[in-house]
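What follows is the residue order along each chain.
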Amino acid sequence: MNKRLLHYSLVFLLTSLSLGLQSCGKPKPSGPPNSEVGLVFDVGGRGDKSFNDAAYDGLVMAKDSLGIKYQYIEPGGGADRESALRQLASKKSVGLIFGVGFMFTDDITRIAKDFPDKKFACIDYTYDSTKAIPSNLIPIEFREEEGSFLVGAIAGLMTKTDKVGFIGGMESPLIRKFQVGYQAGVKCVNPKAKVLVAYAGVTPDAFKNPAKGKELALSQYSQGADIIYHASGVTGLGVFEAAREMNKYAIGVDMDQWNEAPGHVLTSMVKKGNMAVYDIIKEWKAGKFKGGMPAIFGLRDDGVDFVYDKNNKPLIPKSVYDRVEQLKQDIIDGKIKVPAR
Amino acid sequence: MARQRHWLEHPVTQNFLVPILAVVLSFSVGAIFIAIVGQNPIEVYYVLFSQTLGNEYGIGQLLFKTTPLIFTGLSVAICFKAGLFNIGAEGQLQIGAFLTALVGMYTFGVPAYLEVPLLILAGMVGGGIWGFIPGYLKAKTGAHEVINTIMLNFVALALVSYFATNLFNVPATVHTPPIAPSGKIPRFDAFLSGFEGSPVNFSIFIAIAACIFVWYYVQRTKLGYELRVVGLNSKAAEYGGISVAKNLILSMTIGGALAGLVGTNYVMGYKYYFEEGFSAETGFMAIAVALLGNNNPFGVILAALLFGMLEYGGLVINTMVPKELVNILQAIVIIFVISSNKIFRKTLNNFLKTRRLSIEQ
Amino acid sequence: MPYAIQLINITKRFARTVANDNVRLAVLDGSIHALVGENGAGKTTLMEVLYGLYQPDSGKIKIHENEVTIRSPHDSIKLGIGMVHQHFMLVPTLTILENIILGAEDAKHGFLNLSRTTSRIAELADSFSLSVPLNERVQDVGVGIQQRVEILKAIYRRADILILDEPTAVLTPQESTQLFGILSELKQQGKTIVLITHKLNEVMAISEHVSVMRKGKIAGELDTAETNPQEIAQLMVGRPVLLKVEKDKSKTGHPVLSVNDLSYVDRRGIAILKDVSLEVSSGEILGIAGIEGNGQTQLVEAITGLLKPTSGTIMLNGINLGDLSVSQIFESGLAHIPEDRIKRGLVVDLPIKENLILGMHTRNEFSSRLSMKLSGIEQNAKLLIEKYDVRPPNPDALARELSGGNQQKVIIARELSRNSKLIVASQPTRGVDIGGTEFIHRTLVSERDNGKAILLISADLTEILSLSDRIAVIYDGRIVKVFSDNKVEESELGLYMTGTKGNGKTAALA
């Protein structure tokens, strides 16, 4: 009886599937040429609460306010990046394609050359002055050092021990920008303050090691630091845990990280990947896409900032806030030059 | 009573029919999931098949994904023939591919007819060493190869990750500098414009050659005979004067060397450098490939093609359904194909039996 | 007299074979009935149908003249049927008492009533002369006792019909005699006993009726008093069988194997072999008699190079085997029929032809430097299959698909094709049926006549007595006695085998 049932369901499935395939034919027609935006995430994809999610947020913003349609792909491994970019680029309806993360540098350059009629943009593109950037590609760069400068100033003004900490993920030029900007911000407002610096490692795994983050943070707190700024991805979750345990402060990075340790997150240096994605889509739609040169998102362009909202308002005195706002204006006006290396 | 054998009863028909039935059924189950996320399953499957099998570019992508699965599938299969469970193909391929890139970046000016074999050899040596270690430990101390290969995967990943992002990397990247141009393996699209843009390259012929080698080695050589005896009954091997230790070490080393050949596809045939995280766990998928291919070298090719199609197909339909669903679909296919063998065969034969009875009556 | 069991036209099919084909069997109440047949004749299947482990495809079962349906052992136990399997179904870590009551506990509100149970079992044991130490763990007592436990277990469950499957396969002659005493006692008290066996002397000694099965059918039903072993054997095999090995006096030549003061201490520090010395000359068969587990396995493994002895020397043809590898030992003139053919002697998932070259695969006929020579392997297989009548005669059939007797033929064919000086034959006919045994015995004798030296290790005393030219008895790792001919009584051998005679002393080399 059971077996018979299995036969019939099998036959039913087979016939329905084959009939379906025949009657269906081609899928729904896609939109007009070059009307849609494509985006390829970094390995890890959506849900990282960091720049992948920020980039996705930018797509949603563009859809809501510009009426743009979008498609995205989450590749599984290194070899998938190029395939994914190529797949999106070869769709008639897609006109602009984003790659999220510095790993896309080589692949997106190649695809941009292969598809001169399409436009491309890459977040955190590794800029190499010896190589020309195709004219249909925009590398998106953030002035992380400027945002780091401001949170450094907050730390410098608020430390009671004149000792603050910095914890980086993988030692690399990119993370060094955070460190250097932060140190400059601390020194600018509090020349006698000391900055303890530590990195979680030298491989990409250093961004995924909360245990190591906690260990480093506990060590810095016990050395007297009372505020620690991290630029270390998931590793930073360990920093927040240490802050909670030791009842000290930490500063978040990339997005507002208040929820990781409410009451202990003094502020966060936010990198507005969503704004960058949104801005570039907007310009592209208006026909003002300008490739071949990096698009730089600093304080002036609202590409980086620090968090000051109802959550952390009680933690930061008004005087400190006013001072930092002034520094921000000075940077925007060019009165202060923030070092990046 | 002599009776004409129904064509459906023929073992060859069944060997093909059963996996196909399993795939079809698993796609049907997958359709339910697709429908749950609000997409039309037929549309999704249309895209899946038309873009993997419907044009040269898709086929090229599929073959590109197939190549490393063949190497690693063979690696698992040959170890399995010796009674060993090689979970370490991932580590072996990482070390092999990295060594290929490393040798390649320091050997500029060597002519292609030397450079290509040299880099292939480098990959085999790297993977071979990584297979030799657990093989040696198993043979000499009895330490279980499953644990040791898993542990060595961690070691390999950490090592190449460190090397590829610190010591030998192009600054601000996680990849090595390019290999010497003479070490490149040509891509199909250099000869056939239809494959334009797809990374498939001539290393797939190395993979096919590897299959023939493994088949010949296992079935036709003296060492292969010993390996089979050891794998099927190590007590009988001892009794027959066959060194169990030697064959365990040898098969793990060969298995490692086969996995180490993955670098021919990615390093020599595609990117021309080693990049951290390039493999996407091919070495683990290899276990399923070997099992599905029944540890037969030619079965491995067919299984690798199926998995290659699923991998690239997953990417193709990713714009329509979430990544998680693609993973679910792949997993369902694997589970169905691997576990269904017996069930389908039995069902099919029962079906034939009842049909025959009803005719006879 | 009424019938205890009537099986009427029982047919049981498995996938491709018919195990029982229209079988009729009637067992008189209160009798001992022997069920004999070669391996695979369907005896065990028939009894398992009766015990409820299998359902017959057709046929009827009557117990005490009432038609019954037996769906499981649970049903058969309720009908008073008990079965003692070839492999005991006991829990080694539990005591004998616990094993007996397991599944039939006398309990009230979940608590065992141990004192009442104990006295009941003691009473039962006493009345059937089945003395067992109730509080010992099963793992600590010998197989003879374990078998009694199985019988007691069945009786405790109020069985009045007992089925015993090859009960003497694991017993010494003394234990067998005791078992037969117990069986007679059981019969006296009205129990019905079905004895599955292929040992004809047992049939003659204890049964009243005998049913012979061949190829799933009943080949004959006889009264034991009116038949003889020759007739039964012929019914079993389907052709006349030579039960006695016919051989001339040996023409002993020069010594081929000499073992001197061989000792072996295992990893746990237990001495397994103690100063074993023996010599086998060309043209003779030296039989080693002994209860299993007294060092025979290790003695064979030491001679064949599978185990490194702690001290002592082994010389084969004047070559010291001490430092040679297994394959070198083979090359210096050894053939080895191992005691466990499935574990050691065969690779059951390889075809016959590849099994026929195991240990010889590096020879020039079978391989060049790298590759195997397929035609050489194929030819060798065809030749040996024909010479030793292996069935099916298909070189590509997997060894797994062969019957036990044919598997043994493959091993013997391979080992004799080595053209060795010495043949070490360990349990060569274990699990092999009468027809196969006859063939193997004839082959060994003719090898002896061709001047080979043969070391025969067997747990089957009949085999030792009928084949050997000289007999050595091993007990507790020592050779305790060597008989210079085979004219010795089984019971006499049994006394040496159990250490009752010649205890502790190593026998002088005869």
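Since we're looking at a predicted model, the values are computed, not measured.

Topic: the overall build of chain B
So, step 1. In terms of helices and strands, chain B carries 14 helices and zero strands.
So, step 2. Along its sequence from the N terminus, chain B presents helices and strands in the succession α-α-α-α-α-α-α-α-α-α-α-α-α-α.
So, step 3. For 361 residues, the compact-globule estimate of 2.2 N^0.38 gives 21 Å, and chain B sits close to it at 22 Å.
So, step 4. By its C-alpha atoms, chain B is 80 × 60 × 35 Å across when sized along the principal axes.

Quick notes on the overall build of chain C
So, step 1. The helix and strand tally for chain C stands at 17 helices and 22 strands.
So, step 2. Computed over its C-alpha atoms, the radius of gyration of chain C comes to 25 Å, within 12% of the 24 Å expected for a compact globule of 510 residues.
So, step 3. Considered along the principal axes of its C-alpha atoms, chain C spans approximately 70 × 50 × 45 Å.
So, step 4. When burial is assessed residue by residue, chain C has 44% of its 510 residues classed as buried.
So, step 5. The contacts of chain C with a sequence gap of at least 6 include a subset with a gap of at least 24, amounting to 69%.

Considering the interface of chain C and chain B
So, step 1. Across the boundary between the two partners, chain C contributes 22 residues, which contact 14 residues of chain B.
So, step 2. Contributions of two or more residues to the side of chain C that touches chain B are made by α10 (326-331) and α11 (341-345) of chain C.
So, step 3. For the side of chain C that touches chain B, the residue count by class is 10 nonpolar, eight polar and four charged.

Considering the domain arrangement of chain C
So, step 1. Split into domains, chain C comes out as domain 1 (3-237), domain 2 (242-333 + 421-510) and domain 3 (349-419).
So, step 2. A straight line from the C-alpha centre of domain 1 of chain C to that of domain 3 of chain C covers 39 Å.

What about unusual backbone geometry?
Keep in mind that most residues, glycine aside, have a negative phi and that most peptide bonds are trans.
So, step 1. Residue P392(C) is bonded to the preceding R391(C) through a cis peptide linkage, with omega at -5°.
So, step 2. Looking at where P392(C) falls in the secondary structure, it is placed in the loop between α13 (374-387) and α14 (404-416).
So, step 3. Positive phi values are uncommon outside glycine, yet D254(A) reaches one of about 70°.
So, step 4. Here D254(A) shows up in strand β9 (residues 249-254).
So, step 5. Even without glycine at this site, N294(B) takes up a positive phi of about 60°.
So, step 6. Taking the C-beta count within 10 Å as the criterion, N294(B) has 16 such neighbours and is therefore assigned partly exposed.

What to know about the sheet that holds strand β12 (residues 217-223) of chain C
Backbone hydrogen bonds are what pair the strands of a sheet, in a parallel or an antiparallel way.
Residues and elements named next belong to chain C.
So, step 1. The strand order β6-β9-β10-β3-β11-β12 describes an open sheet built from six strands, whose pairing is mixed. Taken across any chain shown, the strands that pair with only one partner, and hence form the sheet edges, are β6 (81-84) and β12. The sheet shows a mean angle of 20° between the axes of neighbouring strands, taken without regard to direction.
So, step 2. Relative to strand β10 (residues 192-197), strand β9 (residues 161-165) runs parallel, the two being bridged by five bridges. Of the residues in β10, the one forming a bridge with I163 is V194.

Considering the arrangement of the chains
So, step 1. Contacts are most numerous, across the two pairs of chains in contact, for chains A and B.
So, step 2. Nothing in chain A touches chain C, and the closest approach of their C-alpha atoms is 18 Å.

Quick notes on the nonpolar core
So, step 1. The biggest cluster of nonpolar side chains holds 296 residues, and the ones touching the most others in it are V289(B) and L422(C).
So, step 2. Sorting elements by how many residues they give to this core places helix α3 (residues 56-81) of chain B first, with 13 residues.
So, step 3. The contacts of L422(C), once residues within four sequence positions are left out, are V256(C), L257(C), V280(C), L316(C), G333(C), L334(C), A335(C), A453(C) and L455(C).
So, step 4. Y51(C), I101(C), L186(C) and L235(C) belong to the second largest nonpolar core, which has 60 residues in total.

A look at the packing of helix α3 (residues 80-89) of chain A against helix α4 (residues 105-114) of chain A
Residues and elements named next belong to chain A.
So, step 1. The contact between α3 and α4 brings their axes to 9 Å, and the two run at 30°. It follows that α3 is roughly parallel to α4 by the angle criterion. The chirality of how α3 crosses α4 is right-handed. Where α3 approaches α4, its residues R81, E82, L85, R86 and A89 are matched on the opposing element by D107, I108, R110 and I111.
So, step 2. Among the residues making up the contact of α3 with α4, the classes are represented as four nonpolar, no polar and five charged.

Here's the deal with the pairing of strand β4 (residues 58-63) of chain C
Residues and elements named next belong to chain C.
So, step 1. Note that strand β1 (residues 3-13) and β4 share five bridges and pair antiparallel. The residue bridging Q6 from the neighbouring strand is K62, located in β4.
So, step 2. Bridging between β4 and strand β5 (residues 66-68) involves three bridges; their strand directions are antiparallel. Bridged to K62 within β5 is E67.

Some thoughts on the packing of helix α4 (residues 89-105) of chain B against helix α5 (residues 112-141) of chain B
Residues and elements named next belong to chain B.
So, step 1. Contact pair α4 / α5: the axes reach a minimum separation of 7 Å and the direction vectors enclose 145°. As for how α4 packs across α5, the hand of that crossing is right-handed. Along the contact surface, α4 presents G91, Q92, L93, I95, G96, A97, F98, L99, T100, V103 and G104, while α5 presents L118, L119, A122, G123, M124, V125, G126, G127, W130 and G131.
So, step 2. Tallied by class, residues from the contact of α4 with α5 come to 12 nonpolar, nine polar and no charged.

Comments concerning the pairing of strand β18 (residues 334-337) of chain C
All names here are of chain C.
So, step 1. Side chains L334 and H336 of β18 all project onto a buried face; the interleaved residues A335 and I337 project onto the opposite face, where all are buried too.
So, step 2. In this structure, β18 lies alongside strand β19 (residues 422-426), joined through four bridges in parallel fashion. Bridge pairing in β19 places I337 opposite A425.

Here's the deal with the environment of G67(A)
So, step 1. Secondary-structure assignment places G67(A) in the loop between α2 (51-66) and β2 (69-73).
So, step 2. With 31 residues separating them in the primary sequence, G67(A) and E36(A) have C-alpha atoms 9.8 Å apart.

Section: the sheet that holds strand β14 (residues 271-281) of chain C
So, step 1. Strand order across the open sheet formed by four strands is β14-β13-β16-β17 (chain C), with antiparallel pairing between neighbours. The sheet is open, and its two borders are formed by β14 and β17 (319-320) of chain C, each paired with just one other strand.

Rules behind the numbers
Residues numbered from 1 in each chain as written. Chains lettered and ligands numbered in written order. Predicted model: local features only at pLDDT ≥ 70, side-chain atom pairs only at ≥ 80, totals over all residues. Helix = DSSP H or I, 4+ residues; strand = E, 2+ residues; numbered from the N terminus. Rg over C-alpha atoms; globule rule 2.2 N^0.38 Å. Buried ≥ 20, exposed ≤ 12 C-beta atoms within 10 Å, placed from the backbone. Contact = placed C-beta atoms within 7 Å. Nonpolar A, V, L, I, M, F, W, Y, C, P; charged D, E, K, R; others polar. Domains from an automatic or database assignment. Pairing = 2+ DSSP bridges. Axes fitted to C-alpha atoms, helices over the stretch in contact; angles between N-to-C directions. Core = buried A, V, L, I, M, F, W, Y, C linked by C-beta atoms within 7 Å. Parallel < 35°, antiparallel > 145°, perpendicular 65-115°, else oblique. Left-handed = near helix turned anticlockwise from the far one by under 90°.

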